[in-house]
Amino acid sequence: PTSPRPKPPPGPMAAAPPHPPAAAAWWSYFFLFDGSKVKEEGDPTRAGICHFAPPQTPLGQQELLCSQVAGVVRWMAETSGSPPQLIRLRKLKFAVRVDGAYLWVLGCTADLPDVSCQRFLDHLIGLFYFYNGPLSQAYQERPWEELDQEWERYVTHLQRNTSDLHRIFNSLWAVDKTKVDPLLLLKAALILQTCQRTLHVLAGCIIYKGRVVSTQLPPSLTAKVLLQDAETSLEGLPANGDQLQDEEIIQPPLKGSRLPQGVRITSVYLLENEAAMLRDFPLEWMARSPGGSAAATAAISNGPGGAALERRVLYVHRVRGLVLALLAEERFVESQSSVEDVYHSSLASLNGLEVHLKETLPKDGPSSSSGKSSSYGFAHYDSIQKVLATNFLPAASPQDQHFLRAVSLIHADFDQLPTASEITVRYVGPLGECLGGIGMAGLGASPGSQ
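Structure report, in brief. (Residues numbered from 1 in each chain as written. Predicted model: local features only at pLDDT ≥ 70, side-chain atom pairs only at ≥ 80, totals over all residues. Heavy atoms only, no water.)

Grouped together as the largest cluster of nonpolar side chains are 55 residues, with contacts concentrated most on Phe 30 and Trp 104. Excluding anything up to four places from it in sequence, Phe 30 contacts His 51, Phe 52, Ala 53, Trp 104, Val 105, Leu 106, Leu 121, Leu 124, Trp 151 and Val 155. (Core = buried A, V, L, I, M, F, W, Y, C linked by side-chain atoms within 4.5 Å. Buried < 20%, exposed > 50% of the residue type's maximum accessible area, 1.4 Å probe, protein only. Contact = heavy atoms within 4.5 Å.)

Once that is clear, we can look at the pattern of salt bridges. Enumeration according to the criterion identifies 16 salt bridges in this entry. Glu 63 is the partner of Arg 46 in a salt bridge, and the nearest nitrogen-oxygen pair spans 3.0 Å. Of this pair, Arg 46 sits in the loop between strand S1 (27-34) and strand S2 (49-53) while Glu 63 sits in helix H1 (residues 59-80), and the two are 17 residues apart along the sequence. The partly exposed category is assigned to Arg 46, whose relative accessible area is 46%. With relative accessibility at 16%, the residue Glu 63 sits in the buried group. (Salt bridge = Lys/Arg side-chain N within 4 Å of Asp/Glu carboxyl O. Helix = DSSP H or I, 4+ residues; strand = E, 2+ residues; numbered from the N terminus.)

Let us look at the sheet that holds S1. In any sheet, the strands associate via hydrogen bonds between backbone groups, in a parallel or an antiparallel arrangement. The sheet built from five strands is open, its strands ordered S2-S1-S5-S4-S3 with antiparallel pairing. Where the open sheet ends on each side, the last strands, each with one partner, are S2 and strand S3 (86-88). Each neighbouring strand pair of the sheet contributes to a mean axis angle of 15 degrees, computed without reference to strand direction. Strand direction decides the pairing type here: S1 and S2, joined by four bridges, are antiparallel. Bridge pairing in S2 links Phe 30 to Ala 53. Where helix H2 (residues 114-132) meets the sheet, it contacts S1, S3, strand S4 (92-99) and strand S5 (102-109), and its direction lies at approximately 40 degrees from that of S4. Those strands touched by helix H4 (residues 144-160) are S1, S2 and S5, and its axis lies near 30 degrees from that of S2. (Pairing = 2+ DSSP bridges. Axes fitted to C-alpha atoms, helices over the stretch in contact; angles between N-to-C directions.)

On to the packing of H2 against H4, then. Two numbers describe a pair of packed helices, the interaxial angle and the distance between the axes. Closest axis-to-axis distance for the H2/H4 pair is 10 Å, and the angle between their directions is 135 degrees. In terms of their interaxial angle, H2 and H4 are classed as oblique. Our pair here, H2 against H4, has a crossing hand that is right-handed. The segment H2 lies against H4, with Phe 120, His 123, Leu 124, Ile 125, Leu 127, Phe 128, Tyr 131 and Asn 132 engaging Leu 147, Glu 150, Trp 151, Tyr 154, Val 155, His 157 and Leu 158. Residues belonging to the contact of H2 with H4 are distributed by class as follows: eleven nonpolar, three polar and one charged. (Parallel < 35°, antiparallel > 145°, perpendicular 65-115°, else oblique. Left-handed = near helix turned anticlockwise from the far one by under 90°. Nonpolar A, V, L, I, M, F, W, Y, C, P; charged D, E, K, R; others polar.)

Printed below as a string of structure tokens:
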């Protein structure tokens, strides 16, 4: 017999606190809820809360919000045939993702574009699967407290690596190429190409202080690898290549082997489409001799939405503020010679590149740039590479808010166009006139009317 259709929750989310404690300005809540733990009328809601942020939210408020959102999602799924992807309130909006009994929810401010809110949630989910594998398996085999720390790292990373414009476009942080000698960018690309010639290495990227210097990876994978710049400081790794202890890395690399100083290797999990993009990307490794990257990889089920996951390994080498991250086939960890080849072929070049970037780029990151003048600002977004170029500072002034609102509306509209690949928006004049263009099309708008 089918279960009775649930009644819509009274006053959906009406009692949710409007100002959550200790949340960033643009987001309010993030939680993962396991509905299989709350089936009967008497089952406590707290039994299904796998993770809730901010963690200092009173438990009663956590239960209230989880039960109300879960009730709305179930009611809409049973009445319309599919769960909602977005729930809008007066001051908040909730991006929603459902996978079997699991429910993910990210609450954002109402002025953040719908598509940005949803992509932030997808990115959080993608980070978990990339570094931890199947969700259900992780929660069966590992302590929830440990997984809580994983989610906290991802949320913290998302907050630290976003500005107003980056949040609107969900773009990658990249070095300002106008402030870097082109020869340094070429040197970074050559380091990656050299590593790519090593057996089993697929592709990689180089990051400096949280910003992409050069990448061979598709944007979705680059965004996940960017976590490596912030998630773990490798200065504490054993010197002289001493063996890492199992507890230092959840999935210990190269058991019984020695890793070079400053290097770690962990297992990661790619979605089928990500693995296909890596194979199909027009990279040099596709033309290498057989046996380099054509190894068959067993797929693991229980990815998001039932998609299969494919296991790879991630090689990370930190040289002070510089990080080299390489994706490789699983057999890479079995080849001590391959690990040593990558390390020794890149070590001197990485040290030189780090020194030159440190001398060239602003010491305090993007916020120390000269910024825009009072009469002109611009933002150029490449939706293929997910890269944003702008002269706006991360902290927007009150005068910038008109521009940001206009950009948000423009992006929300033109993100729906499958043929649009680039957008340029300019802010001209003391009071501001917002001029935008997508591809060859021009768009005029007044920020005061947006």
